[in-house]
Amino acid sequence: MAILLGSIADDYTGASDLANTLTKNGLRTIQTVGIPDAAVALPHVDAVVVALKIRSVPVADAVSAAALAHQWLHRHGAKHVLYKICSTFDSTDAGNIGPVTEALSDITEEGIVLVTPAFPETGRTVYFGHLFVNGQPLNESPLKDHPLNPMHDANLVRVMARQSQGAVGLVDLTTVAGGPAAVKARLDSLRMQGFTTAIADATVEHDLETLGAVAVEMGISTGASGLGLGLARALVKSGQVPLHAGTTDGAMRPVGGLAAIIAGSCSSATLEQLEIAERSMPVLRLDSEKLIAASDEIAAALSWAGEHISSGPVAIAASASPETVSMLQSRYGREASGHAIEAATSTIAAELVARGVRRLVVAGGETSGAVVDRLAIPAFLIGPEIAPGVPILRTVGSAQGDMLMALKSGNFGGKDFFATALTMMR
Ligand SMILES: Nc1ncnc2c1ncn2[C@@H]1O[C@H](COP(=O)(O)OP(=O)(O)OP(=O)(O)O)[C@@H](O)[C@H]1O
Ligand SMILES: O=C(O)[C@@H](O)C(=O)CO
């Protein structure tokens, strides 16, 4: 299998977001969970998105996992590799966006790497290096309360500099408006001055087409789905790959079985979506303190699901308000409480699948990672889009047989996301 474009995604929902964008923009794409096992038969594709779980792990682990994924992608023909990060730049001052970008740059001897999380379709824009989320500066948006990576600085040049060894420059919007030649000249000038990464402004898709046209000529780039759009369109425009319309063949064949939602995201979008879901389906709110204390909360949730699921989809949520989350974190620690809840939600998901669930929606990046790992799913075909950034996925090579899934990034999807997703998965 020779591919043109590779991506290393720092979480699983982000990977499906990017795979959706690449598919929509003409590339046949598959999402693998980690480096694919040679035994798993993958279809012929133009792009492979390797989903890793390296957003909130120690820097050294993130760097070595990304380097191995890069090696695999390069060996399979990828001329360009996009390191897919979150469109809200989720990370801490200790990493991992800076260190992974620098490590990949060293491997490809890039000199300078273009970085932008802009994704205008979901309201993420970058202006003078500052990230806005639906018009609010990042540090005033709901991301300031993120359970794992609270974001307190909208100036990405500063954020990236705190995570990087090298100097971080800016490609501002006026330069981007000047087209690919102006961006290339700016990158050359920054490189000569010793900068090793550059945050690029982008507020509309045309800016990302410009950035994609420049990035595709380089070995690596760092960004969110917006940059993926730019790269895909550049590849199609250059004639390197014919435009493939639509989703992967066979991705939507019915799978039958029961349907469920598991939510571990505490984003304001997910909290609102759960409230709306409560009007049309049974929703169980887990007691997070009991989950952490390892009492019988999991067994109680499964028994509740058993009572309702044969009549229609059910939702089970650990999601809680920022106040509840911070209370729990101050008592048990940020990472410990997050991991304990991920372990519990993924156990519940696996038990539901063992009881016949074949259509499963998961809300939250870390939560999705825990669930997909628990189910040991090797790869996904990309189906139609439910909402910007969230496609329907069809499992490939999973022991449970084929399932339809959706992995929703915390902040994505409209108010009625859950009902829409389940209707499309029928
Ligand atoms: N009630 C709770 N109290 C404390 N932490 C919780 C609670 N419920 C869920 N969590 C944890 O909060 C974290 C939510 O992160 P997750 O990545 O799943 O969602 P998200 O951040 O909204 O999504 P994304 O990363 O896609 O934006 C997980 O580690 C989850 O286990
Ligand atoms: O880029 C985004 O916002 C998402 O794909 C994501 O990575 C959230 O986890």
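- Per an unreviewed UniProt entry, the chain is named 3-oxo-tetronate kinase, and its organism is Phyllobacterium bourgognense.
- Taken verbatim from the UniProt record of the chain, the Function (unreviewed entry) comment is "Catalyzes the ATP-dependent phosphorylation of 3-oxo-tetronate to 3-oxo-tetronate 4-phosphate."

As for the site of ligand 1
Phase 1 of the analysis: Surveying the vicinity of ligand 1 reveals 23 residues, the closest of which are His 146, Ser 265, Glu 342, Glu 366 and Thr 367.
Phase 2 of the analysis: Contact between ligand 1 and Ser 265: an oxygen atom at 2.7 Å from a side-chain N or O atom of the residue.
Phase 3 of the analysis: Contacts to ligand 1 include Gly 365, whose backbone N or O atom sits 3.0 Å from an oxygen atom.
Phase 4 of the analysis: Taking 630 Å² as the accessible area of ligand 1 by itself, protein coverage stands at 98%.
Phase 5 of the analysis: Of all elements in the fold, only helix H12 (322–332), helix H13 (334–354) and helix H14 (365–375) reach the threshold of two or more residues within the shell around ligand 1.

Details of the pattern of salt bridges
Phase 1 of the analysis: Evaluation of the coordinates by the stated rule reveals 21 salt bridges.
Phase 2 of the analysis: As a salt-bridge pair, Arg 55 and Asp 10 come within 2.8 Å of each other at their nearest N and O atoms. Separated by 45 residues along the polypeptide, Arg 55 in the loop between strand E3 (47–51) and helix H2 (59–75) and Asp 10 in the loop between strand E1 (5–9) and helix H1 (12–24) bring together distant segments of the chain. Each member of the pair, Arg 55 as well as Asp 10, carries the same accessibility label: buried.
Phase 3 of the analysis: Across the pair Lys 24 and Glu 385 runs a salt bridge whose closest N-O atoms are separated by 2.8 Å. Pair noted here: Lys 24 is in helix H1 and Glu 385 is in strand E16 (residues 379–387), with a separation of 361 residues, a long-range link.
Phase 4 of the analysis: Its relative accessible area of 42% is what places Lys 24 among the partly exposed residues.
Phase 5 of the analysis: Through salt bridges that share partners, Asp 10, Asp 11, Arg 55 and Asp 90 make up one connected network.

What counts and what doesn't
Residues numbered from 1 in each chain as written. Chains lettered and ligands numbered in written order. Predicted model: local features only at pLDDT ≥ 70, side-chain atom pairs only at ≥ 80, totals over all residues. Heavy atoms only, no water. UniProt positions renumbered as here; feature names shortened; annotations may be inferred. Near = heavy atom within 4 Å. Polar contact = N/O pair within 3.5 Å; in protein donor to acceptor, adjacent residues only side chain to side chain. Areas by Shrake-Rupley, 256 points an atom, 1.4 Å probe, with all protein chains shown as cover. Helix = DSSP H or I, 4+ residues; strand = E, 2+ residues; numbered from the N terminus. Salt bridge = Lys/Arg side-chain N within 4 Å of Asp/Glu carboxyl O. Buried < 20%, exposed > 50% of the residue type's maximum accessible area, 1.4 Å probe, protein only.

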